[in-house]
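Geometric and topological summary
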Amino acid sequence: GADKLAARAQAKLDGGKPLEAIHLLDIALGAEPSNVTALKVKQATLGKLLAESGGQNLSETMWLKSEMTATEAALGAKPA
């Protein structure tokens, strides 16, 4: 389920592959949009991608910030 995909995504993130992690998280959250584990890993992954982006591409930066806001809102609506 989504928890297993979130664990795989965390392993990808830990291994320096945040783009692969995001793909797994999209699948996990597509199946279970309110899965707290997947949302937390997505939040960390988006933060990593934003830090790595260097702010050079405005479209990318704004998309990442928008996704982070949406993820934080989804987490805020769920018990920790």
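Residues numbered from 1 in each chain as written. Predicted model: local features only at pLDDT ≥ 70, side-chain atom pairs only at ≥ 80, totals over all residues. Heavy atoms only, no water.

What about the packing of helix α1 (residues 2-14) against helix α3 (residues 36-53)?
Pairs of packed helices are described in terms of their axes, by the angle between the two and the distance that separates them. What counts, and what does not: For helices, the fitted line uses only the C-alpha atoms of the stretch in contact; every axis is such a line through C-alpha atoms, and the angle between N-to-C directions lies from 0 to 180 degrees. We count a stretch as a helix when DSSP gives it H or I for four or more residues in a row; a strand needs E for two or more, and each element gets its number in order from the N terminus. Angles are sorted into four bins: roughly parallel if under 35 degrees, roughly antiparallel if over 145, roughly perpendicular if 65 to 115, and oblique for all others. Left-handed describes a crossing in which the near helix is turned anticlockwise from the far one by less than a right angle; the clockwise case is right-handed. Contacts between residues were defined by any pair of non-hydrogen atoms, one from each residue, lying within 4.5 Å. Gly falls in the polar group here, along with every residue not listed as nonpolar (Ala, Val, Leu, Ile, Met, Phe, Trp, Tyr, Cys, Pro) or charged (Asp, Glu, Lys, Arg).
In the contact formed by α1 and α3, the axes pass within 9 Å of each other and the chain directions differ by 20°. The angle between α1 and α3 places the two elements in the roughly parallel class. Note on packing geometry: the crossing formed by α1 with α3 is left-handed. Contacts between α1 and α3 involve D3, A6, A9, Q10 and L13 from the first element and T37, A38, V41, A44, T45 and K48 from the second. Of the residues that constitute the contact of α1 with α3, the class distribution is 6 nonpolar, 3 polar and 2 charged.

A few points about helix α2 (residues 18-31)
Defined as follows: Given the number of residues in a helix, its expected span is that number minus one, multiplied by 1.5 Å. Summary of the burial criterion: residues with accessible area below 20% of their type's maximum are buried, those above 50% are exposed, and those between are partly exposed, where the area comes from a 1.4 Å probe applied to protein chains only. The arc under discussion is defined with respect to the helix axis, by the directions toward the C-beta atoms.
If you check α2, its first and last C-alpha atoms are 20 Å apart, about what 14 residues at 1.5 Å a residue would give, namely 20 Å. The complete set of buried residues in α2 reads P18, A21, I22, L24, L25, A28 and L29. Looking down the long axis of α2, one finds its buried residues gathered within 165° of arc, a one-sided arrangement. Those residues of α2 that are exposed and angled more than 90 degrees off the buried face are L19, H23, I27, G30 and A31. Looking at the buried positions of α2, the neighbouring elements they touch are α1 and α3.

What about the nonpolar core?
What counts, and what does not: Buried Ala, Val, Leu, Ile, Met, Phe, Trp, Tyr and Cys residues that are joined via side-chain atoms within 4.5 Å together make up what is termed a nonpolar core.
Ranked by size, the top nonpolar core spans 14 residues in total, and within it A9, L25, A28, A38 and V41 carry the most contacts. Contributing elements (two or more residues each) for this core: α1, α2 and α3. Apart from the residues within four sequence positions on either side, A28 is in contact with A2, L5 and A38. Ranked by size, the runner-up nonpolar core spans 5 residues in total, among them I22, L49, L64 and M68.

Some remarks on the side chain of T71
Structurally, T71 is set in helix α4 (residues 58-76). If sequence neighbours within four positions are ignored, T71 has contacts with L39, K42, Q43 and L46.

Function cannot be inferred from these measures alone, as they are strictly geometric.
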